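Examination of the molecular architecture
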Amino acid sequence: MMFPQYRPRRMRANSSLRSLISETVLDINKLIYPMFVAPGKGVKDQIKSMPGIHRFSIDTAINEIKEAYDLGIKSVILFGIPERKDNQGSEAWSSKGIVQNAIIQIKKELPDMIVITDVCLCEYTSHGHCGILKGDSIQNDITLEMLAKTALSHARSGADIVAPSDMMDGRVGAIREALDEEDFDHIPIMAYSVKYASAFYGPFRDAADCAPKKGDRSSYQMDPANKREALREATLDLEEGADILMVKPAMPYLDIIHLLKQEFTLPVAAYQVSGEYAMIKAAALNGWIDEERVVKESLLSIFRAGADMILTYFAKEIAGKVRK
Ligand code: PBG
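Owing to the predicted nature of the structure, the values given are computational and were not obtained by experimental measurement.

Moving on: the pattern of salt bridges. Under the criterion given, the structure shown has 18 salt bridges. Measuring nitrogen to oxygen at the nearest pair gives 3.8 Å for the salt bridge that ties Arg176 to Asp243. Of the two residues, Arg176 is situated in helix H5 (residues 171–181) and Asp243 in the loop between helix H7 (228–240) and strand E10 (244–248); the sequence distance between them amounts to 67 residues. Between Lys281 and Glu291 there is a salt bridge; the shortest N-O distance is 2.9 Å. Taken together, the residues Lys281 in helix H9 (residues 274–285) and Glu291 in helix H10 (residues 291–305) connect sequence positions 10 residues apart. With respect to burial, Lys281 and Glu291 carry one shared label: buried. Taken together, the shared-partner salt bridges connect Lys281, Glu291, Glu317 and Lys321 into one network.

What follows is the structure, given as structure tokens:
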């Protein structure tokens, strides 16, 4: 192909031509809306570092989910903010816990909404770590039992998909086994397979009040410098029974999303995390960027890299705009 015989601009002349050759579609059916549920009634507290995102009580969460559903969003992922935290994070697997209750009520009102649950202990432990602490170290194998109990309690309450985000070794296998033993073999596992120890989670930790009180998550989450390790993590999760492989965060790790899409046949999810959301919002609120265009471009880039689905705090907002 040589100029002047070939001129790429011929196919960019107007928007109809451009859409004919567009290779990636921003499909709102493939967006998952992350939501924070907290105790109480009538609660809708805006999260300071995430303008436009709130902590909801179950009643207000249901209204929000109905609105999202009407705009075309088909799945949500729930994060619970419990009434009380303890050393073990026991509210995580309580049958009367905040997430368990939320699932029951959401599925009652909106049976077609896919309810995914984040399975982790950090929102429930007083120390803020994703596993059981002994001294300063996180105990891997004991934590697996707690995670399996938590996933099982979500499934019993009616969750459609469970999503372990703790990064303990062996958790996908432990959860798969626990689910299968109780005839939940139809419940898929969306594994946070490649989850980096990222500074982009800052605003989420405000929202869920789950920053580690001491130390950080580098002994379990991945080093941002590593790429081949992503293949090892994803391989383990695949072999332990994962149904979806997730990469998190998204935009700083587009190469990893692409890599997983090339190397595996499982669907790949990408999480556009709180810090990615906050950066775009902050710049938009200052009038420095065009929010709608930047959001669309960022989501397109994640799809183009190979994501089959995206978890994004922009889901509801952008669904309204894409539809118009
Ligand atoms: C829990 C969890 C975190 C996020 C999702 N699940 C926080 C963390 O690992 O510190 C972050 C999501 C976001 O930043 O939007 N382990």
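Inspection of the secondary structure assignment puts Phe56 in strand E3 (residues 50–56). The exposure class assigned to Phe56 is buried, which follows from its relative accessible area of 3%. When the C-alpha atoms of Phe56 and Val37 are compared, they prove to be 4.9 Å apart, with 19 residues separating the residues in sequence. The residues touching Phe56, leaving out its near neighbours within four places in the chain, are Met35, Phe36, Val37, Ala38, Val43, Lys44, Ala61 and Glu64.

With that settled, consider the packing of aromatic side chains. Across all of its chains, the model carries nine aromatic pairs by this definition. Taking 4.1 Å as the distance between ring centres and 10° as the angle between the ring planes, the aromatic pair formed by Tyr196 and Tyr253 counts as stacked. Of this pair, Tyr196 sits in the loop between strand E9 (190–195) and helix H6 (202–208) while Tyr253 sits in the loop between E10 and helix H8 (254–263), and the two are 57 residues apart along the sequence. When sorted by exposure, Tyr196 lands in the same class as Tyr253, which is buried. Through pairs of rings, three or more aromatic residues link up here, namely Phe36, Phe79, Tyr192, Phe204, Tyr271, Tyr277, Tyr313 and Phe314. Seen from the ring of Tyr201, Lys195 lies directly overhead, with NZ or CZ sitting 5.5 Å from the centre. Over the aromatic face of Tyr201 sits the side chain of Lys248, whose NZ or CZ is 4.4 Å from the ring centroid.

Burial of strand E12 (residues 309–312) is two-sided: the residues Met309 and Leu311 facing one way and the residues Ile310 and Thr312 facing the other way are all buried. Where strand E1 (residues 31–37) and E12 come together, two bridges link them in parallel fashion. Paired with Ile32 across the bridge in E12 is Leu311. Pairing of strand E11 (residues 268–272) with E12, which is carried by four bridges, proceeds in the parallel orientation. Residue pairing in the sheet places Tyr271 in a bridge with Leu311 of E12.

With that settled, consider the site of the ligand. Residues in contact with the ligand amount to 18 residues; listed here are only the nearest, Lys195, Arg205, Lys248, Ser274 and Tyr313. At a separation of 3.3 Å, a nitrogen atom of the ligand approaches a polar side-chain atom of Ser165. In the model, an oxygen atom of the ligand is placed 2.7 Å from a nitrogen or oxygen of the Arg205 side chain. Its residues assigned to classes, the shell around the ligand shows nine nonpolar, three polar and six charged.

Procedures and definitions
- Numbering of residues starts from 1 in every chain and runs along the sequence as written.
- Under the rules for a predicted model, residues below a pLDDT of 70 receive no local features and side-chain atom pairs below 80 are neither given nor counted, while totals for whole chains, interfaces and linings still include all residues.
- Hydrogens and waters are ignored; side-chain quantities use all the structure's heavy atoms.
- Any Lys or Arg side-chain nitrogen found within 4 Å of a carboxyl oxygen on Asp or Glu counts as a salt bridge.
- Each helix corresponds to a stretch of at least 4 residues labelled H or I by DSSP, and each strand to a stretch of at least 2 residues labelled E; elements are numbered beginning at the N terminus.
- Classification of residues uses two cut-offs on accessible area relative to the type maximum, computed with a 1.4 Å probe and protein chains only: under 20% is buried, over 50% is exposed, and between them is partly exposed.
- Two residues qualify as a contact provided that any one of their heavy atoms is within 4.5 Å of a heavy atom in the partner residue.
- Stacked, edge-to-face and tilted are the three classes for Phe, Tyr and Trp ring pairs, Trp counted by its six-membered ring, which pair at centre distances within 6.5 Å; planes under 30 degrees apart are stacked, over 60 edge-to-face, the rest tilted.
- In this scheme, the term charge over a ring applies when either NZ of a lysine or CZ of an arginine sits within 6 Å of the ring centre and within 35 degrees of the ring normal.
- For two strands to be treated as a pair, DSSP must find at least two bridges joining them.
- Each residue is tested against the molecule or strand, and it is near if at least one of its non-hydrogen atoms lies within 4 Å.
- Under the rule applied, a polar contact is a pair of N or O atoms within 3.5 Å (in protein, one hydrogen donor and one hydrogen acceptor; residues adjacent in sequence only if both atoms are side-chain atoms).
- Ten residue types, Ala, Val, Leu, Ile, Met, Phe, Trp, Tyr, Cys and Pro, are classed as nonpolar, four, Asp, Glu, Lys and Arg, as charged, and the remainder, Gly among them, as polar.

Coordinates in, geometry out; function isn't part of it.
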